[in-house]
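Understanding the architecture of this molecule
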Amino acid sequence: MRRVSAKGTKPGMVLAREIYDNEGYLVYQQGTMLGAEDVDKLHVSNFGEVIIEDDRLGDVLVSPMFSPELEGHLAQALKKLMLEGQDTKELDSYLVRQLAEHVRSIIQLLFPEPLGEINATGCSDLEDYDYLQPAKAACLAALIGKRLGLEPPELESLGMAAMLKDVGYLAFPAPEKEKGASGPPVKKSSKKHTAHGARLLKQSDGFAPEAVQGVLDHHERWNGSGYPGKLRGDAISQFGRILTVADNYYELVSVRPDRRALMPHEAVEFIMA
């Protein structure tokens, strides 16, 4: 098996892994031989890469730790929750439980030991960014938490915090929720979304204090340049520090309205700096 860019596919290549869209729906089955029409579609698609069969690398297994299907299901569950909340300005308890079930699926894949590769690519489609980026960030945050020795209940809380890190945007009118929009009013008001998000989680049942604090802290920075509290170093909660890394990584490697997506190594260098 080997990875190729979707734009680098050619007729006659055979898919070694299924291809799912951003909503978790199957697009191509494993074992499909790509024809000219399939290749044309992939060349103009938002898929970053595909896994193909290669006889020269027959013993090389390329397997995602978290499938695109799971990422899509997470994104769709979050989308339902956020769309419902636009009217009520609250978190629907039933939809929260549905989201938690999908988050639990992430955690189950980490035990006894995680297998496969983390998906290092970001979002290539601006339309789905608000829902797919948190899904990717939740997977990475859970893996970091596992490496740090957190137990399953803590990891579930961490995963939910990652999924709901931007839920505070529900407090703003529609134009101000558009994180891709430009202009000082949006940027100024958007800094309040962490406090609004923490308040929403605190008002809802079932969220651990660590999750609430993580949502509040996920834009703090080690050197004190973040918000809302300008906290420094270890004063930032553990969940907040984990969410900061996961959130920033997938923001940097995703296409944004004002810049290209960074390569994974560029994003890591940026975060380390």
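Residues numbered from 1 in each chain as written. Predicted model: local features only at pLDDT ≥ 70, side-chain atom pairs only at ≥ 80, totals over all residues. Heavy atoms only, no water.

1. With respect to the overall build of the protein chain
Counting its secondary structure elements, the protein chain contains 11 helices and four strands. Taking 19 Å as the expected radius of gyration for a compact globule of 273 residues, we find that the protein chain reaches 19 Å, a close match to that expectation. Out of the 273 residues belonging to the protein chain, those deemed buried represent 46%. Considering only contacts in the protein chain between residues 6 or more positions apart, those separated by 24 or more positions represent 67%. Of the accessible surface of the protein chain, which amounts to about 14000 Å², a share of 54% is contributed by carbon and sulfur atoms. Of the side-chain charges in the protein chain, 31 are positive and 40 negative, and the distance between the mean point of each set is 6 Å. (Helix = DSSP H or I, 4+ residues; strand = E, 2+ residues; numbered from the N terminus. Rg over C-alpha atoms; globule rule 2.2 N^0.38 Å. Buried < 20%, exposed > 50% of the residue type's maximum accessible area, 1.4 Å probe, protein only. Contact = heavy atoms within 4.5 Å. Areas by Shrake-Rupley, 256 points an atom, 1.4 Å probe, with all protein chains shown as cover. Lys, Arg positive; Asp, Glu negative; His and termini not counted. Charge placed at Lys NZ, Arg CZ, Asp CG, Glu CD.)

2. Some thoughts on the pattern of salt bridges
In the structure shown here, the tally under the stated rule is 13 salt bridges. Asp234 serves as the salt-bridge partner of Arg241, at 3.6 Å between the closest nitrogen and oxygen. Through salt bridges with shared partners, one network takes in Arg2, Asp54 and Arg56. (Salt bridge = Lys/Arg side-chain N within 4 Å of Asp/Glu carboxyl O.)

3. Things to note about the packing of aromatic side chains
Tallying each qualifying case throughout the model produces two aromatic pairs. Ring plane angle 85 degrees and centroid distance 4.9 Å describe the contact between Tyr249 and Tyr250, whose orientation is recorded as edge-to-face. When its relative accessible area of 1% is taken as the criterion, Tyr250 is described as buried. Sitting over the ring of Phe111, Lys146 keeps its end group 4.9 Å from the ring centre. Between the NZ or CZ atom of Arg256 and the centre of the ring of Tyr129, over which it lies, the distance is 3.6 Å. (Phe/Tyr/Trp six-rings, centres within 6.5 Å; stacked < 30°, edge-to-face > 60°. Lys NZ or Arg CZ within 6 Å of the ring centre and 35° of its normal.)

4. Regarding unusual backbone geometry
In the segment running from Phe111 into Pro112, the intervening peptide bond is cis, with an omega of 0 degrees. By the element assignment, Pro112 lies in the loop between helix 3 (93-108) and helix 4 (129-147). The residue after Tyr227, namely Pro228, is reached through a cis peptide bond having omega 10 degrees. On the secondary structure map, Pro228 appears in the loop between helix 9 (209-217) and helix 10 (238-252). Backbone geometry places Lys89, a non-glycine residue, at a positive phi of 60 degrees. Considering the arrangement of structural elements, one finds Lys89 in the loop between helix 2 (68-88) and helix 3. Accessibility expressed as a relative area gives 39% for Lys89, which makes it partly exposed. Look at Lys230: it is not a glycine, yet its phi comes out positive at around 50 degrees. Take Lys230: it is sitting in the loop between helix 9 and helix 10. Given a relative accessible area of 55%, Lys230 falls into the exposed group.

5. As for the nonpolar core
Of all hydrophobic cores here, the largest spans 57 residues; its most connected members are Leu91, Ile106 and Leu164. If you list the elements that add at least two residues to this core, you get helix 2, helix 3, helix 4, helix 5 (152-163), helix 8 (193-203), helix 9 and helix 10. Tallying contributions element by element places helix 4 first for this core, with 11 residues. (Core = buried A, V, L, I, M, F, W, Y, C linked by side-chain atoms within 4.5 Å.)

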